[in-house]
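Topology and contacts: notes
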Amino acid sequence: MKERKNVYLLPAGDTTLAWYSKAVVEMKKRPTTDPTSWNYQAAMHGFNASLSFWRGAAPLPSQTEQNQYWNQCQHGSWFFLPWHRMYLAYFEQIVAATIVKLGGPADWALPYWNYSDTSNPNARTIPPAFTNPNNATNGLWITGRVSDTIPPRYVTLGALNTIPYTGDGRTSPLGFGGPETGFSHSGGTHGQLESLPHDMVHVAIGGAMGDPRTAALDPIFWLHHANIDRLWQVWLNMAGGRINPNKSSWLDYNFYFHNAAGQSAQFTSKQVEDTRQVLSGYTYQGVPVGGPTLRTANALQNADFSTPLEITAATNQGVTLGSAKTVAHLGLNASPQKAVNLAATTNSAVSKPALTILHFENVTGKGVPPIYDVYLNEPQNGGDKESYYAGSVSFFGVEEASTPSVHQSGSGQHYALDISDLVNKLRSSPNWKDQQLDVSIEPSRAVDADASVNIGRISVYSE
Amino acid sequence: MSADAGVAANSNSFSFPAEKMRMLIIKHPEWWAWFLSLFAWVLIVGNLFTNAHQTGHLSMITYCTPRGIVKVLGHSPFELHAVWKEEPVSSRILTTIRTGLLPWMIMVVAMMFPLLNEPIKHVAFSVKRKDMDLGIGGFLIGYIITWTAVGVMFLLLSFFLNLIIGDLSHFASALITASGFLLAAVFIWHPGRPIKMTKCGQTAPIRIQGWHLFLDSLFYGVKMGFNCFNTCWVPMAALVLAHHNIPLMFIVTAVIIHDRYLLPHTSKFTGYAWMVVAATLFIIGIL
Ligand SMILES: [Cu+2]
């Protein structure tokens, strides 16, 4: 049984990262057609020949092989967590085998990067081994990272408070893992853990990491995803109704990979629920396994019977985001008689605070846009805007999701923010209007010239 | 947020099976389309029993009667009247469309509506609950509009083919239909096919304000109708050649539902299914 360790807690003189670096260099020497090569492994997550990070990757495997094994990463789906767990397991096996071949230790395990660790002042910075030296002699370095440090608000762990695994914020409350989908390269509502911190860390680092079609070329990708994988177990350990899906469409769906011998291999979600059973088995440092139940025996879960949310407001046109703040007025554009109002959201007769979710639907765009911060009813005169902060959206993978392909429909992405607490707070303010909600969307950093975002519809759903 | 209050409210409603039932219905608005599909099947099969011996009429009965599973291909209805060929071409075209379109649309409702779970849910949950049926209705009307245009096209095509080639022997028609399914099989291996399949999962923003709601749903229906046509036109055309043979229709429906919901989009299973259909038709044609 391997233990995946916290990269910031590796003892002085530990060789885990040194061997990882050597293995990366070695894997980069293998041709792209070799399933155990660095390029092939990264292309399984995503690939696009026109992106500069992929220059020099040719010759490539056949189109049939690419359709089967490449561009497989699951996003906006309840397969997000199990697919990445499978992907990491085989990658770890390949790296470990490479290290053995290079004369290294037999028990190499992938470390994880816990950027949310508030007890460590350096936690939000990429571990130094990945940035120093900052040239090609360092296997762990890659050109083009926009930032080495993630701002604190993009690594918070509110997702762990989400009880249901499955949910889309429309037919059911938001889910920790994502909505029920088939094979989903993009398209469904991003799950709570996927949106924050997962997507945020990708886009905050930027460069290769900012786009799913290049992300896995950056060696830090794998430590980031080990942490996301760890958080799945942390969430299960919190119990209180936190259980995995129990539908066969989740448990038995098959995904394709390659093992360290370069042979085709498969995994289902059911086979990776318990980390100790995945290949040679692993646990995470400081995270117990095997405690609470993974899932219930009932075919239908309570979520199947819960009342769906209902839409209470929506924009009546698309919203294009630019380099300045964009404000969308929800409910304003309808004729006065037909105005969709937020009274349902704010009905004070309801004893419990209503669940309110802000949706960004059919989001299409180009390039790698920055993270955008979202504020509700932000006062014109500035002042303390933090008390109007609703959350952030990162649009990780938006360009790919905008183009129909073998793996996605091209209808764009779907993000959702739980704004219940903020709306409940705002509605007691004297400025609150039942007929109108102003949604301000601001880029967190300068927007690249070739990046753009268009949101098909912004909507509010409530209980 | 008070999570406790939410849990309490939920578990309360769980104790009533009727409430559970109501939630399931609200959460599965696609029952609407399945119900219409079932109704269409009842119409089709009903005609089979009540009119089993009446062939030769220019009606839906003619189109939808299998005339025995062994004799897979009958003559097209316009061949059956002695006087038919004396009529001017324009009136024959009109008659073909007038008599052929209704059975075609019933076939589309029977076969295609069960494929629409995802887009129907998309529309239904994009709008307020009171507008759900309006949205779904608009979507299905849009979807039908596309398939009506396709139906007119198919009918004209089969009319002119008949005009040019004349009446075919049973063997020749069986061969043509079998080739249609063979072509459908080949298309499963076409590199462009998975892209077409993913487009069946497309969504579009629906405005919830006034008549925008209906129009957006309708246009979304038109678009999805086109996407479905793009993936399904070959087996559908082959079915028209087989004069809507009912057992065959049923098999084709089962294959495409299985393909839509139970297979990964890169699977080639459906290709083998079409090959089996083609081979069976070919053998029946020889016999
Ligand atoms: Cu990722």
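Residues numbered from 1 in each chain as written. Chains lettered and ligands numbered in written order. Predicted model: local features only at pLDDT ≥ 70, side-chain atom pairs only at ≥ 80, totals over all residues. Heavy atoms only, no water.

Residues and elements named next belong to chain B. Mean pLDDT for chain B: 77, with 78% of residues reaching 70 or above. Put simply, helix H4 (residues 60-64) is where chain B has its lowest mean pLDDT, 36, and helix H6 (residues 117-124) is where it has its highest, 92. Counting interchain partners and residues more than four positions distant, the pLDDT-below-50 stretch residues 1-14 has 13 contacts. Across residues 52-83, confidence stays below pLDDT 50; counting only partners more than four residues off in sequence or on other chains, it has 69 contacts. For this predicted complex, the interface confidence comes out at an ipTM of 0.85, alongside a pTM of 0.86. (pLDDT = per-residue confidence, 0-100. Helix = DSSP H or I, 4+ residues; strand = E, 2+ residues; numbered from the N terminus. Contact = heavy atoms within 4.5 Å.)

Here we take up the pattern of salt bridges. Opposite charge on two side chains permits them to pair, given that their charged atoms come into close proximity. Residue and element names in this part refer to chain A. Counted by the stated rule, this structure contains 19 salt bridges over all chains. The residue arginine 85 makes a salt bridge to aspartate 229 at a minimum N-O spacing of 2.6 Å. Note that arginine 85 is positioned in helix H4 (residues 80-101) and aspartate 229 in helix H6 (residues 220-237), a separation of 144 residues in sequence. Each member of the pair, arginine 85 together with aspartate 229, is buried. What you see here is one network of salt bridges that share partners, running through Arg4, Arg85, Glu92 and Asp229. (Salt bridge = Lys/Arg side-chain N within 4 Å of Asp/Glu carboxyl O. Buried < 20%, exposed > 50% of the residue type's maximum accessible area, 1.4 Å probe, protein only.)

This paragraph deals with the coordination of the copper ion. Residues and elements named next belong to chain A. Taken together, His198 (NE2), His202 (NE2) and His225 (NE2) make up the protein donors of the copper ion, found 1.9 to 2.1 Å from the metal. Ordering the donors of the copper ion by residue number gives the pattern H-x3-H-x22-H. Of this pair, histidine 202 sits in helix H5 (residues 192-205) while histidine 225 sits in helix H6; the two residues are 23 residues apart in sequence, bridging distant segments of the chain. One exposure class covers both histidine 202 and histidine 225, and it is buried. (Donors = N, O, S within 2.8 Å, 3.2 Å for Na, K, Ca; no water.)

With that out of the way, let us pick up the packing of helix H5 (residues 89-112) of chain B against helix H11 (residues 246-262) of chain B. The relative placement of two packed helices comes down to the angle between their axes together with the axis-to-axis distance. Residues and elements named next belong to chain B. As a packed pair, H5 and H11 sit with axes 9 Å apart at the nearest point and diverge in direction by 40°. Judged on the interaxial angle alone, H11 and H5 are oblique. Together, Met107, Ala110, Met111 and Met112 of H5 and Met249, Val252, Thr253 and Ile256 of H11 make up the contact between the two elements. A per-class count over the contact of H5 with H11 returns seven nonpolar, one polar and no charged. (Axes fitted to C-alpha atoms, helices over the stretch in contact; angles between N-to-C directions. Parallel < 35°, antiparallel > 145°, perpendicular 65-115°, else oblique. Nonpolar A, V, L, I, M, F, W, Y, C, P; charged D, E, K, R; others polar.)

To continue, consider the side chain of histidine 212 of chain B. You can see histidine 212 of chain B is positioned in helix H10 (residues 211-241). Look at histidine 212 of chain B and you get buried, because its relative accessible area is 18%.

Tyr20, Trp113, Trp222, Phe360 and Leu376 of chain A are the most contacted members of the largest nonpolar core, which has 115 residues in total. Each of domain 1 (2-300) and domain 2 (310-462) of chain A accounts for three or more of the residues forming this core. Excluding its chain neighbours within four sequence positions, the residues that come into contact with tyrosine 20 of chain A are Trp38, Phe91, Val95, Ile99, Trp108, Phe130, Leu140, Pro219, Trp222 and Leu223 of chain A. Of all hydrophobic cores here, the second largest spans 71 residues; its members include Ile97, Val240, Leu248 and Val255 of chain B. (Core = buried A, V, L, I, M, F, W, Y, C linked by side-chain atoms within 4.5 Å. Domains from an automatic or database assignment.)

Bringing the sheet that holds strand S9 (residues 372-376) of chain A into the picture now. Residue and element names in this part refer to chain A. In space, the four strands of this open sheet follow the order S7-S12-S9-S10, with antiparallel pairing throughout. A strand with exactly one partner marks an edge of an open sheet, and here the two such strands are strand S7 (326-330) and strand S10 (389-393). Adjacent strand axes in the sheet meet at a mean angle of 25°, parallel and antiparallel pairs treated alike. As defined by bridge partners, S7 adjoins strand S12 (residues 437-443) across five bridges and the pair is classed as antiparallel. Considered in S12, the bridge of leucine 330 is made with leucine 437. (Pairing = 2+ DSSP bridges.)

Another aspect to go through is the packing of helix H7 (residues 132-165) of chain B against H10 of chain B. Residues and elements named next belong to chain B. Running from N to C, H7 and H10 cross one another at 40°; their axes reach a closest spacing of 6 Å. Here the hand of the crossing between H7 and H10 comes out right-handed. Among the residues making up the contact of H7 with H10, the classes are represented as 22 nonpolar, seven polar and no charged. (Left-handed = near helix turned anticlockwise from the far one by under 90°.)

Let us look at a nonpolar patch on the surface. Residues and elements named next belong to chain B. Together, Val89, Phe160, Leu161, Leu163, Ile164 and Ile165 give the surface a local cluster of nonpolar side chains, amounting to about 540 Å² of exposed area. Relative to the helices and strands, leucine 161 is located in helix H7. When its relative accessible area of 41% is taken as the criterion, leucine 161 is described as partly exposed. (Patch = residues over 30% accessible without salt bridge, like charges linked within 9 Å, V, L, I, M, F, W, Y side chains within 5 Å. Areas by Shrake-Rupley, 256 points an atom, 1.4 Å probe, with all protein chains shown as cover.)

Now for the domain arrangement of chain A. Residue and element names in this part refer to chain A. The domain boundaries assigned to chain A delineate domain 1 (2-300) and domain 2 (310-462). The interface is formed by 35 residues belonging to domain 1 together with 34 residues belonging to domain 2. Overall, the association of domain 1 and domain 2 removes approximately 2,700 Å² of surface from exposure, summing both partners, and the carbon and sulfur fraction of that is 58%. Sorting the residues of domain 1 by area buried against domain 2 places Arg153, Arg170 and Val203 first, and these three jointly supply 24% of that buried surface. The interface formed by domain 1 and domain 2 holds three salt bridges in total. With its nearest N and O atoms 3.0 Å apart, the salt bridge here joins aspartate 373 to arginine 153. The interface formed by domain 1 and domain 2 includes nine residue pairs in polar contact (both at pLDDT 80 or more). The element best represented in the side of domain 1 that touches domain 2 is H5, accounting for eight residues. Each residue belonging to the side of domain 1 that touches domain 2 can be placed in one class, and the counts come to 12 nonpolar, 17 polar and six charged. (Buried area = accessible area lost by both parts, 1.4 Å probe. Polar contact = N/O pair within 3.5 Å; in protein donor to acceptor, adjacent residues only side chain to side chain.)

It is worth spelling out the pairing of strand S3 (residues 264-268) of chain A at this point. Residues and elements named next belong to chain A. Where strand S2 (residues 254-258) lies against S3, five bridges are found, and the strand directions are antiparallel. Directly across from phenylalanine 257, in S3, lies its bridge partner alanine 265. Connecting S2 to the antiparallel partner S3 that follows it, the hairpin turn spans five residues, and glycine 262 within it adopts a positive phi of roughly 80°.

This part covers H11 of chain B. For H11 of chain B, which comprises 17 residues, the first-to-last C-alpha distance of 23 Å matches the rise-based estimate of 24 Å (1.5 Å per residue) to within 8%. Turning to H11 of chain B, its buried residues are Ile246, Leu248, Met249, Val252, Thr253, Val255, Ile256 and Asp259 of chain B. (Expected span 1.5 Å × (residues − 1).)

Looking now at the pairing of S9 of chain A. All names here are of chain A. Summarising burial for S9: five of the five residues are buried, a large majority. Covered by surrounding structure in S9 are Tyr372, Val374 and Leu376 together with Asp373 and Tyr375, the residues of both alternating faces. Two elements, S9 and S10, share four bridges in a ladder whose sense is antiparallel. Looking at the pairing, tyrosine 375 lines up with tyrosine 389 of S10. Sheet topology places S9 next to S12; five bridges connect them, and they run antiparallel. Bridge pairing links aspartate 373 to glutamate 442 in S12.

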